[in-house]
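Structure at a glance
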Amino acid sequence: MFPLPDEIAEPLARAGTRLGPFAREFHWFADVPSTNDVAGRMAERGAAEGCVVAADAQSAGRGRHGREWISPAGAGLYVSAVLRPAAHVIPLLTIAAGLAVAEGVSAATGLEPRVKWPNDVYIGERKLAGILAEGAVPAGGVPHVILGFGINVLRAALPPDVAARATSLDTELGRAPDRGLVLGECLAALATRYADLQRGEGARVVGAWRARATFLLGHVVEWDGVGTTLRGVAEDIDAEGALLVRMPAGVVRIISGDVRWI
Ligand code: BTN
């Protein structure tokens, strides 16, 4: 573990109580394989809810569905939080996390990211950030969820193939952003949205998510079924975060996976 750089420590201190339980315990590393793995080990050893692990670089950062999350030094935010959610919080957790990252980026930069089901964060047609939530029930231990998020900060550090399909904060702003401020605002927004879920106010989260899902709802999407590609019009998400898609035979509920816009 390394001392917190000022660029991170100062905005976190300024965010203060807005961080709720997040970052009361904060671990900063120069380089780890994956912050989700480090946070997972800390959770197994009893780390409290809200413990945050962040790194300047990851050598084996991963995304959803086993994909790689390229994590060059200084070029992104690579962050994982330990959560110990009540059962009623879990269905909307990743929806709330994607929303919180979009809201945090907005508060820190003035950009207005959109969300794509289930939990990607986009600006225009390009992905800015992603969420990876991993749950575990250790033998004899207390269940936990590790909520990881990665935000692209500097475009130049991304490999050309990723830069071609993704965006970054510096691309969108035309200048380097204040990385620590973005982190502080994302954790503050996460604290707000997590508290909404804990209070049973998932409808607030769904409503705010819907308002940022402007290029998904009402549009044709396709996804992979068993041995076939399926297509329909995305209509809404329900109270448990499932995507509701209208097909000729009726509305289907998609609970996991990825959808593509047509
Ligand atoms: C995705 O869009 O597929 C999710 C990407 C999640 C990346 C973050 S970076 C911090 C944390 N550690 C990881 O290895 N992955 C997540």
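Residues numbered from 1 in each chain as written. Predicted model: local features only at pLDDT ≥ 70, side-chain atom pairs only at ≥ 80, totals over all residues. Heavy atoms only, no water.

Observations concerning the overall build of the protein chain
Quick reminder of the rule: A run of H or I in DSSP becomes a helix once it reaches four residues, and a run of E becomes a strand once it reaches two; helices and strands are each numbered from the N terminus. C-alpha atoms define the radius of gyration in this analysis, and the globule rule sets the expected value at 2.2 Å times the number of residues to the power 0.38. Relative accessibility thresholds used throughout: buried, under 20% of the residue-type maximum; exposed, over 50%; partly exposed, between the two (1.4 Å probe, protein chains only). The contact criterion used throughout is that any non-hydrogen atoms of two residues lie within 4.5 Å. Values of accessible area rely on a 1.4 Å probe in the Shrake-Rupley scheme; residue burial ignores everything except the protein chains shown. A residue counts as positive if it is Lys or Arg and as negative if it is Asp or Glu; His and the chain ends are not included. By convention, charge coordinates are those of NZ in Lys, CZ in Arg, CG in Asp, or CD in Glu.
Helix and strand counts for the protein chain stand at 7 helices and 12 strands. Radius of gyration (C-alpha) of the protein chain: 18 Å, near the 18 Å computed for a compact globule of 262 residues. Seen through its C-alpha atoms, the protein chain measures out along the principal axes to roughly 55 × 45 × 35 Å. With 262 residues in all, the protein chain has 53% of them scored as buried. Looking at the protein chain alone, contacts between residues at least 24 apart form 63% of all its contacts between residues at least 6 apart. Of the accessible surface of the protein chain, which amounts to about 11500 Å², a share of 55% is contributed by carbon and sulfur atoms. For the protein chain, the centre of its 26 positive side-chain charges and the centre of its 29 negative side-chain charges are spaced 3 Å apart.

Considerations on unusual backbone geometry
Note the cis peptide between Trp-117 and Pro-118, where omega equals 0°. Examined against the element boundaries, Pro-118 turns out to sit in the loop between β4 (114-116) and β5 (120-123). The backbone of Ala-23 sits at a positive phi, close to 75°, despite the residue not being glycine. Locating Ala-23 in the fold gives a position in the loop between α1 (6-15) and β1 (26-32). Phi at His-65 takes a positive value of approximately 55°, unusual for a residue other than glycine.

Overview of the sheet that holds strand β3 (residues 76-83)
Heads up, the rule is: Between any two strands, at least two bridges found by DSSP are needed for them to pair. Between N-to-C directions, angles span 0 to 180 degrees; the directions come from axes that are lines fitted to C-alpha atoms, helices contributing only their stretch in contact.
The 7 strands are arranged β1-β2-β3-β7-β6-β5-β4 in an open sheet whose pairing can be described as mixed. Each edge of the sheet is formed by a strand with only one pairing partner; in this case those strands are β1 and β4. Sheet twist, expressed as the mean angle between neighbouring strand axes with direction ignored, is 20°. In the sheet, β4 pairs with β5 via 3 bridges, with the strands oriented antiparallel. Following the sheet pairing, Lys-116 is matched in β5 by Asp-120. Taken strand by strand, helix α3 (residues 93-109) contacts β3, β4, β5, β6 (126-136) and β7 (144-152), and its axis lies near 140° from that of β6.

Some thoughts on the site of the ligand
Applied cut-off: In these notes, residues near a molecule or strand are those with any non-hydrogen atom within 4 Å of it. For the purposes of these results, a polar contact is taken to be a pair of N or O atoms within 3.5 Å, where, inside protein, one atom must be able to donate a hydrogen and its partner to accept one; residues adjacent in sequence count only when each atom of the pair is a side-chain atom. We call Asp, Glu, Lys and Arg charged. Ala, Val, Leu, Ile, Met, Phe, Trp, Tyr, Cys and Pro are nonpolar, and the rest, Gly among them, are polar.
In the vicinity of the ligand, 19 residues are found, and the nearest of them are Ser-34, Gln-58, Arg-62, Arg-64 and Lys-127. The side chain of Thr-35 places a nitrogen or oxygen atom 3.2 Å from a nitrogen atom of the ligand. Contact distances for the ligand include 2.7 Å between a nitrogen atom and a backbone N or O atom of Arg-62. With the chains in place, 99% of the 420 Å² that the ligand exposes on its own is no longer accessible. Counting only elements with at least two residues in the shell around the ligand, the list comes to α2 (35-44), β3, β6 and β7. With 4 residues, β6 is the largest single contributor of residues to the shell around the ligand. For the shell around the ligand, the per-class residue count stands at 6 nonpolar, 9 polar and 4 charged.

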